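Residue strings, one per chain:
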Amino acid sequence: MRRTAGKLADGREIIYFDDSAEAPPRVAVDTRDLPETQPMSEVRLDPLTREWVAMAAHRQTRTYKPPADLCPLCPSTPGRPTEIPEADYDVVVFENRFPSLAQNVPDVPSTVDGEALFVRAPGRGRCEVVCFTSDHNKSFGELSASRVRTVVDAWADRVAFLSTLPGVEQVFPFENRGEEIGVTLSHPHGQIYAYPFITPRTERMLEAALEHYAANGRPLFGDVLEAELRAGARVVEESAHWAAFVPAAARWPVEVVLAPRRQVPDIAALSSVERDDFASLYLKVLHRLDALYDRPLPYIAAWHQAPVNVGRDEMWLHLQVFSVLRTKDKLKYLAGSESGEAVWINDVTPEQIAERLRGTHN
């Protein structure tokens, strides 16, 4: 892989990750006349749940469902410059033009309305876009294993860097796919958020992991992985270094977890052979997911990593892929119980999900 860093017209960073050193040099200049970005993000703490909420009103003007010939994530062409100045690329990462969190946000008062209960802080972090291919009509599951490996290397590079930014407590790479998920740009891409706090889900997982480790001297996720492999009923795919399974308490109508067999805290800690092995296994899982309903499956792929400063010895990297599609043409809506009380009700058992996925052709 070859890495080339540059700047866009408004000063945002852009980094090209090429599959090989034989790729053309990345020297194109962003010719657009862009104003310097000034995000106005802030975060506020809900006193009832102790959860942070990000406020980013400037994102209301972000690009929304453009036609393919106006896609800002495609390579630039003569007379139509885009977010990527080059005429072609393999994998590219750049700072989001409409970020939920950014380094250059202004300071804000420490409370809302001067009330001590309503804690407030700048939304200081970073949001990046990861484009997996220059081909607008491809999906992640249609990439080659070598390209997926380049994506993994790009994720690892960004996780390592973002973890060093002042105030960043957690780094979260993810991909949203499909209109049903809420995707506003159909070009195959993902994002990476660097949060100034630990997210609620990670906080819960960290608490459970710390308690289990204190009581048993072993990582909780490692024990879960061993139990899933022993049972076998929910295992979808296995390889030398990874396993994919439907969790025993799956919330979503389609949900698969991919985990390395070795405990690592984040993507950057994966070895070269583990990265190769992941690329092959993940493509098999994505092919099974698309075959489930014989249509492209809308999904969210969420990397769960250890926070930057705590839980590095207790947490275990894993990728959660899940979908809101409960049949070929029906969505699962998060209604009263899920949205109001965070109590999930699944219309299918995890064992049924796993059996259906194993029965597909990958």
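Since the model is a prediction, treat every value here as computed from it, not as a measurement.

Basis of the calculations
Residues numbered from 1 in each chain as written. Predicted model: local features only at pLDDT ≥ 70, side-chain atom pairs only at ≥ 80, totals over all residues. Heavy atoms only, no water. Phe/Tyr/Trp six-rings, centres within 6.5 Å; stacked < 30°, edge-to-face > 60°. Buried < 20%, exposed > 50% of the residue type's maximum accessible area, 1.4 Å probe, protein only. Helix = DSSP H or I, 4+ residues; strand = E, 2+ residues; numbered from the N terminus. UniProt positions renumbered as here; feature names shortened; annotations may be inferred. Patch = residues over 30% accessible without salt bridge, like charges linked within 9 Å, V, L, I, M, F, W, Y side chains within 5 Å. Areas by Shrake-Rupley, 256 points an atom, 1.4 Å probe, with all protein chains shown as cover. Salt bridge = Lys/Arg side-chain N within 4 Å of Asp/Glu carboxyl O. Lys, Arg positive; Asp, Glu negative; His and termini not counted. Charge placed at Lys NZ, Arg CZ, Asp CG, Glu CD. 1 Å grid on protein atoms, 1.4 Å probe; cavity = no way out; pocket = protein on both sides within 12 Å on 5 of 7 lines; lining within 4 Å. Points joined across faces, edges and corners; volume = space filled by probe spheres on them. Nonpolar A, V, L, I, M, F, W, Y, C, P; charged D, E, K, R; others polar. Contact = heavy atoms within 4.5 Å. Expected span 1.5 Å × (residues − 1). Arc of directions from axis to C-beta.

Undergrad: I tried to follow the packing of aromatic side chains on my own but got confused; where do I start?
TA: Centre distance and the angle of the planes are the two values used to describe a pair of aromatic rings. If you walk through the whole model with that rule in mind, you get 19 aromatic pairs. Geometrically, the ring pair formed by Y195 and F197 is tilted, given 5.4 Å between the ring centres and 35° between the ring planes. Both residues of the pair, Y195 and F197, count as buried. Measuring from centroid to centroid gives 4.9 Å for W242 and F278, while their planes differ by 55°, and the two rings are tilted. Here W242, found in strand β12 (residues 242–245), pairs with F278, found in helix α4 (residues 272–292); they are 36 residues apart in sequence, far enough to count as distant. Across this residue pair, the class does not change: W242 and F278 are buried.

Undergrad: Looking at this structure, I do not really get the UniProt feature "domain: Galactose-1-phosphate uridyl transferase C-terminal" (unreviewed entry) in the protein. What am I missing?
TA: Here the UniProt-annotated "domain: Galactose-1-phosphate uridyl transferase C-terminal" (unreviewed entry) positions come out as residues 212–358. The span residues 212–358 carries 36% helix and 22% strand; its end-to-end C-alpha distance comes to 31 Å.

Undergrad: How should I be thinking about a negative patch on the surface in this particular structure?
TA: The grouping of E51, E203, E207 and E211 at the surface amounts to a negative patch. Here the element with the most residues in the negative patch is helix α2 (residues 200–216); it accounts for 3 residues. Of note, E211 is situated in helix α2. Owing to a relative accessible area of 60%, E211 belongs among the exposed residues under this scheme.

Undergrad: Even after reading the chapter, I still don't get empty space enclosed by the protein, so can you show me in this structure?
TA: Where empty space is left becomes clear once a probe the size of a water molecule has been rolled over the atoms. Counting across every chain of the model gives 2 cavities of 30 Å³ or more. Considered as a void within the structure, the largest cavity measures approximately 60 Å³ in volume. Taken together, F132, F140, W155, P173, F174, E175, Y282, A301, W303 and L319 make up the full set of residues lining the largest cavity. Within the residue set of the lining of the largest cavity, elements represented by two or more residues are β9 (170–177) and β14 (299–304). Considering every element that reaches the lining of the largest cavity, the biggest residue donor is β9, with 3 residues. Classifying every residue of the lining of the largest cavity by side-chain character gives 9 nonpolar, no polar and 1 charged. In this structure, the second largest cavity encloses a volume near 40 Å³. Lining the second largest cavity, in full, are V159, S163, V171, D266, Q305, A306, P307, V308 and R312.

Undergrad: Would you mind showing me how to read the environment of A302 here?
TA: By the element assignment, A302 lies in strand β14. Sequence separation between A302 and C74 is 228 residues; the distance between their C-alpha atoms is 24 Å. Apart from the residues within four sequence positions on either side, A302 is in contact with F172, P173, F174, H318, L319 and Q320.

Undergrad: Looking at this structure, I do not really get α2. What am I missing?
TA: Within an α-helix, residues lying three or four positions from one another point in the same direction, as the helix has 3.6 residues per turn. A rise of 1.5 Å per residue sets the reference length of α2, with its 17 residues, at 24 Å; its end C-alpha atoms lie 24 Å apart and thus fit the reference within 8%. Regarding α2, the residues found buried are T202, L206, A209 and H212. Within α2, the buried residues cover an arc of 135° as seen down the axis, which keeps them to one side. In this structure, α2 carries R204, E211, A214 and A215 as exposed residues pointing more than 90 degrees from its buried face. Where the residues of α2 are buried, they touch β9 and α3 (220–231). The positive-phi residue at the C-terminal boundary of α2 is G217, with phi of around 70°.

Undergrad: Please explain α4 as it appears in this structure.
TA: Helix length check: α4, at 21 residues, gives a terminal C-alpha distance of 31 Å against a target of 30 Å (1.5 Å per residue), a fit within 8%. Positive backbone phi, at 55°, marks D294, one or two positions downstream of α4.

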